Amino acid sequence: MWGELIQEIRVAQTGVQILFGFLLTVVFTPRFVDLSQANETIYIVTVVLGACATGALIGPVSLHRLVSGRRVKTQAVRWASRLTLVGLSLLFATMIAALLLVLRVATHDHYVPYLVAGVAAWYVLCWLVLPLWTRHRYTVE
């Protein structure tokens, strides 16, 4: 299970690190000073969520390195799995907040919350509903 978990984390880590890196550069762009207070708040929340997601998704690697050879693989896998789920949840929140910010700045239109809600629903379907349905439907006991 450890190998599968680490492989899954590699995919999520790459995405969150690229997104987080991009978010860190936004503050240095000329348009940043023109953000409204609401958009600035969304930006700050997004950066903090991205930092937390990065920490949670890198955490299992550190956990593995620090407990390797200590005969606690079962517990390490359990904790790494929990950190991964937390990291994915934080990645979800980061992506939704980033999308909200980008669409608010790009369009200034009233339909932005509906677009973001639609994307959030899509993520929930892909990341939660389908996997849980598959688990329920095809688990053999």
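Relevant structure appears above.
Only a predicted model underlies this, so the values are computations on that prediction, with no experimental measurement involved.

Caption draft 1: Seen up close, the layout of surface pockets. Within this model, the largest pocket holds a volume of roughly 740 Å³. Considering the residues around the largest pocket, the lining is formed by 23 residues, among which Glu8, Thr84, Leu85, Leu88 and Trp127 are closest to the centre. Of all the elements in the fold, those that place two or more residues in the lining of the largest pocket are helix 1 (2–26), helix 3 (73–107) and helix 4 (112–138). The element that contributes the greatest number of residues to the lining of the largest pocket is helix 3, accounting for eight residues. A class-by-class count of the residues in the lining of the largest pocket yields 16 nonpolar, four polar and three charged. If you add up the space inside the second largest pocket, you get close to 290 Å³. Taken together, 15 residues form the lining of the second largest pocket, with Phe22, Val26, Leu101, Val102 and Val105 sitting closest to its centre.

Caption draft 2: Inspection of the packing of helix 2 (residues 37–67) against helix 3 at higher detail. At a minimum axis distance of 8 Å, the contact between helix 2 and helix 3 shows a crossing angle of 160 degrees. Between helix 2 and helix 3, the angle falls in the class roughly antiparallel. With respect to the hand of their crossing, helix 2 and helix 3 are arranged in left-handed fashion. Of the residues contributing to the contact of helix 2 with helix 3, the split by class is 25 nonpolar, seven polar and one charged.

What counts as what
- Residues numbered from 1 in each chain as written.
- Predicted model: local features only at pLDDT ≥ 70, side-chain atom pairs only at ≥ 80, totals over all residues.
- Heavy atoms only, no water.
- 1 Å grid on protein atoms, 1.4 Å probe; cavity = no way out; pocket = protein on both sides within 12 Å on 5 of 7 lines; lining within 4 Å.
- Points joined across faces, edges and corners; volume = space filled by probe spheres on them.
- Helix = DSSP H or I, 4+ residues; strand = E, 2+ residues; numbered from the N terminus.
- Nonpolar A, V, L, I, M, F, W, Y, C, P; charged D, E, K, R; others polar.
- Axes fitted to C-alpha atoms, helices over the stretch in contact; angles between N-to-C directions.
- Parallel < 35°, antiparallel > 145°, perpendicular 65-115°, else oblique.
- Left-handed = near helix turned anticlockwise from the far one by under 90°.

In short, the description is geometric, and any link to function would need to be established separately.
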